[in-house]
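Coordinate inspection notes
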Amino acid sequence: MKEFKLENEERWKRTHRCGDLTKKNKDQQITLVGWVASQRDHGGVIFIDLRDRWGITQVVFHPAQDESLIDQAKNLRMESVIGIQGKVVLRPANMVNKLLPTGEIEVTVSRLIVFNESKPLPFMIKDPCDAIDETRFKYRYLDLRRPQMQKNLFLRHRMAQIVRRYFDENEFVEIETPFLMKSTPEGARDYLVPSRIHQGRFYALPQSPQTYKQILMVSGFDRYFQIVRCFRDEDLRADRQPEFTQIDVEMSFVDEGDVMEVMEGLMVRLFKDVLGKSIHLPFCRIPYKEAMEKYGTDRPDIRFGLEIVGLDEIVANSGFHIFDETINQAGKVCGIRLPGVGPLSRKQVDEYTAFVKTFGAKGLVVIQITEEGIRSPIAKFVSDNTLQNIIMKLKGSVGDVIFIVAAESSVCLNALGNLRVQLAQDWNLINRNIFSLVWIVNFPLFEWSEVEGRFMARHHPFTSPKETDLDFLESDPEKVTAKAYDLVLNGSEIAGGSIRIHRRSLQKRLFETLGIDQATAERKFGFLMDALEYGAPPHGGIAFGFDRLVMLFAGEESIREVIAFPKTTRALSLMDGSPSEVDQEQLKELGLKLDLKDK
RNA sequence: GGGGCCGUAGUUCAACUUGGUUAGAGCGCCGGCCUGUCACGCCGGAGGUUGCGGGUUCGAACCCCGUCGGCCCCGCCA
């Protein structure tokens, strides 16, 4: 590798950026800096595509120029960083590159400096990237040079700015809350941070700034927001990272409708300013119960039909023991109808059966309505009458395929809810041009946890019950509805919030129902309970999953595509190698000893 | 914690089903040619601990077990 000198770098201050030059700049003497995006050596003339954040400009070396310049240009490698000085010239009409904004011109180079040569690359900087994820993550700095990744991060930036402007205009104040906070019992696993000064004690990284923002309401800030990192030590998914970004919002003296209205305004603004789309207000609101029954999930994608239909009455006492048994054990028999694409092959049916089994369903009953008649493995077990009733209830006609799951109620709905989405994808039933925004409301406040053997807060333990349900809090917790709301975009939960409890007495009752004894509640949440006793206003709020929102706006399938430095599904950072072991000295200073699980 | 797919040259893949001579190809890299390309083109060349460890076998990229890593899903994620 040749040495080069960086003499008098001032001279290499750029006059333009790589996306700037057009025929208006004809004959100007200019300086550009950037990366070598491609080098095309024709033996005589040499072309370089010079790239920076703003674009690409073709620069040309002509053989008439001095030898050392040509020699340098010949040896330029991809992704080396260079500066050039030269003259802007018009390209001959038949050489114009219509794909480039700068395609009408090129720069005839008279001077070249190589700021830094690049080694041969592990992969080409191009869209789409042809490297596997593992390689992309290891060389994330190269991956982030790709136009698509830059575009995604610019989009993320723009959305963050719009969010800030919107809330600022509406008199929300952005206040930073601590990253080092108290570990709390409920919820996800905490990331812990050992304290050096107080050995044996730990901070936790926030799962969300929930308690702080409530306390800011007690302090009278009335309207708060923050674009803030949150941390949850749980297993990862395409839409879940251990650290992720939330748009956190809280308001005082509001009810559910007030919070939703402000958020609808934000969504309207984002859709208009980012995507140029108008969306209709107010968003449709679906009660939790209806969402579960019709779509088998609390985050329904309503861009397509395939709604779930209950078949309990029709198949009760049908003589088909799987149906009968399910209903006897208080389970559910439900079906969905896939219109007009049948009949399906044996292989397709097997695949869908395997699919519902991953959600705990024991099997999948398929009824195919064909020109030749009805085909179904259950035809020999149930009466023609029952079969006809099922088809009638689902409004089936020739070419349709009906899928039925019989199982414990939540398993049945969950399996069909997921099958519904899978079918829509497989059979192209989703209109990609539509954005469906729905509020899910009237959530149950509690959920019975088999694992814990107690009721758990479905949202979080500070969520207010509806006043009408207060009497059931102790007697029949499952009946209590929460003042909670989720916002769902195309089947993705992008925000969730609630009106909070603002009186200590009610908060205490809630902890009791959750099986958190008074001492524990006092120890873990005493500061919040205390605050509620000093003039806490009625308040509520919401939090958006910012990464998911950006992902959906970017049309990406994974939030890793909109996070600069993401973790893998094993929560590793392949670029910097975190998490990593630390020196004994560091542990000692913190008063920690390792007691590792045997492998 | 569980299930599925995957790991072969710098890189992306093929060869694995059915074990058998020297593990192939594209891109990149190196050398040569080329004055209008824009993923330039043409000719030639180098480049491999088949993730790692063990087993089966006369013989393993291929079969088996374990392990590490990537992706997707279930559980989990107040």
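Residues numbered from 1 in each chain as written. Chains lettered and ligands numbered in written order. Predicted model: local features only at pLDDT ≥ 70, side-chain atom pairs only at ≥ 80, totals over all residues. Heavy atoms only, no water.

**Some words on the packing of aromatic side chains**
Inspection of the entire model under this criterion finds 17 aromatic pairs. Taken together, a centroid distance of 5.5 Å and an interplanar angle of 75 degrees make the contact between Tyr166 and Phe167 edge-to-face. Judged by its relative accessible area of 8%, Tyr166 is buried. With a centroid separation of 4.9 Å and an interplanar angle of 80 degrees, the aromatic rings of Trp448 and Phe455 are classed as edge-to-face. Overall, the relative accessible area of 14% leaves Phe455 in the buried class. An aromatic cluster is built from Tyr166, Phe167, Phe172 and Phe225, whose rings are joined through pairwise contacts. (Phe/Tyr/Trp six-rings, centres within 6.5 Å; stacked < 30°, edge-to-face > 60°. Buried < 20%, exposed > 50% of the residue type's maximum accessible area, 1.4 Å probe, protein only.)

**Digging into the protein's contact with RNA strand B**
Surveying the vicinity of RNA strand B reveals 50 residues, the closest of which are Asp41, Ala457, His459, Thr568 and Thr569. Taking all atoms of RNA strand B within 4 Å of the protein, the share assigned to sugar and phosphate is 57%. Interatomic distance of 2.6 Å between a side-chain N/O atom of Arg40 and a base oxygen of RNA strand B. Arg237 places a side-chain nitrogen or oxygen 2.9 Å from a base nitrogen of RNA strand B. Elements supplying a minimum of two residues to the surface near RNA strand B: β1 (29-41), β2 (46-52) and α2 (133-138). The greatest single-element share of the surface near RNA strand B, amounting to 4 residues, is contributed by α2. (Near = heavy atom within 4 Å. Polar contact = N/O pair within 3.5 Å; in protein donor to acceptor, adjacent residues only side chain to side chain. Helix = DSSP H or I, 4+ residues; strand = E, 2+ residues; numbered from the N terminus.)

**Considerations on unusual backbone geometry**
Cis geometry is found at the peptide bond from Asp127 to Pro128, where omega equals -10 degrees. By secondary structure assignment, the location of Pro128 is in the loop between β5 (105-116) and α2. At the junction of Ser578 and Pro579, the peptide bond is cis and its omega measures out at 0 degrees in the coordinates. On the secondary structure map, Pro579 appears in the loop between α16 (546-554) and α17 (584-590). One non-glycine residue, Glu171, lies in positive phi territory at about 65 degrees. Considering the arrangement of structural elements, one finds Glu171 in the loop between α4 (147-169) and β6 (173-174). The phi angle at Ala571 is positive, at roughly 65 degrees, despite the residue not being glycine. By the secondary structure assignment, Ala571 is in the loop between α16 and α17.

**Regarding the nonpolar core**
With 45 residues, the main nonpolar core has Phe167, Met267, Leu270, Phe544 and Leu549 as its most contacted residues. Beyond its immediate sequence surroundings of up to four residues, Met267 is in contact with Ile279, Phe283, Leu437, Leu487, Ile494, Phe544 and Leu549. Judged by nonpolar contacts, the second largest core, of 28 residues, contains Ile286, Ala291, Leu510 and Met529. (Core = buried A, V, L, I, M, F, W, Y, C linked by side-chain atoms within 4.5 Å. Contact = heavy atoms within 4.5 Å.)

That is the geometry; function is a separate question.
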